[in-house]
Amino acid sequence: METQTKFSDIIKGEKPVLVDFFATWCGPCKMMTPILSELKGRMKDDITILKIDVDKNPQAANAYQVQGVPTLIVFKNGQIKWRQSGVVNANQLQQVIKNIN
């Protein structure tokens, strides 16, 4: 339960939080790792990026009705501001996050 408390505190912040729901066995999920690294390099402290393994954290995946991986969700002030399943490039993610701010 400690992990969920921390998660709920993180997503309540003013700063956008991009959560990548993934699985270790998922090929497209592996493609997201360098994309998210690139995004973090561009946006620095303007964003928090979390990766949640759906196999290790099924309760988190269920709470947000994650049916497929990768699923990306952007939270701000505790609310879902954007959501998409599948691989999304860094440019598109950066645009989404800029539009949320």
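One structure accompanies this document, and this report is about it. For clarity, every value in this text was computed on a predicted model and none was experimentally measured.

1. What about the sheet that holds strand β1 (residues 17–22)?
In sheet architecture, strand pairing relies on hydrogen bonds along the backbone and comes in two forms, parallel and antiparallel. Pairing within the open sheet is mixed, and its four strands lie in the order β2-β1-β3-β4. This sheet does not close on itself; its edge strands, each paired only once, are β2 (48–53) and β4 (79–85). Each neighbouring strand pair of the sheet contributes to a mean axis angle of 20 degrees, computed without reference to strand direction. When β1 meets strand β3 (residues 71–76), the two strands line up antiparallel, connected through five bridges. Bridging across to β3, D20 finds its partner in L72. On the sheet, helix α2 (residues 27–43) packs against β1, β2 and β3 and is oriented at approximately 165 degrees with respect to β2.

2. Some words on helix α4 (residues 90–100)
Turning to α4, its buried residues number three or more, namely A90, L93, Q94, V96, I97 and I100. For α4, the arc enclosing every buried residue in end-on projection is 160 degrees, short of the 170-degree limit, so these residues lie on one face. Among the structural elements, β1, α2, β3 and β4 are those in contact with the buried residues of α4. The distance from a side-chain oxygen at the start of α4 to the backbone nitrogen of N91 is 3.1 Å, and the residue carrying that oxygen is N89.

3. Points about α2
Look at α2: 25 Å from first C-alpha to last across 17 residues, which is about the 24 Å you get at 1.5 Å a residue. For α2, the full list of buried residues reads C29, M32, I35, L36, L39 and M43. Looking at the buried residues of α2, the elements they touch are β1, β2, β3 and α4. Of the residues flanking the end of α2, it is K44, one or two places downstream, whose phi is positive at about 50 degrees.

4. Here we look at the state of the cysteines
By definition, a disulfide links the sulfur atoms of two cysteine residues through a covalent bond. According to the stated counting rule, one finds one disulfide in the structure shown. Disulfide partner of C26: C29, at an S-S distance of 2.4 Å. Between C26 and C29, the S-S torsion sits near 80 degrees, and that sign places the bridge as right-handed. Classification of C26 as buried rests on a relative accessible area of 4%. Judged by relative accessible area, which is 3%, C29 ranks as buried.

Cut-offs used in this document
- Residues numbered from 1 in each chain as written.
- Predicted model: local features only at pLDDT ≥ 70, side-chain atom pairs only at ≥ 80, totals over all residues.
- Heavy atoms only, no water.
- Pairing = 2+ DSSP bridges.
- Helix = DSSP H or I, 4+ residues; strand = E, 2+ residues; numbered from the N terminus.
- Axes fitted to C-alpha atoms, helices over the stretch in contact; angles between N-to-C directions.
- Contact = heavy atoms within 4.5 Å.
- Buried < 20%, exposed > 50% of the residue type's maximum accessible area, 1.4 Å probe, protein only.
- Arc of directions from axis to C-beta.
- Polar contact = N/O pair within 3.5 Å; in protein donor to acceptor, adjacent residues only side chain to side chain.
- Expected span 1.5 Å × (residues − 1).
- Disulfide = S-S within 2.5 Å.

So, to be careful, I would describe these as geometric facts and stop short of saying anything about function.
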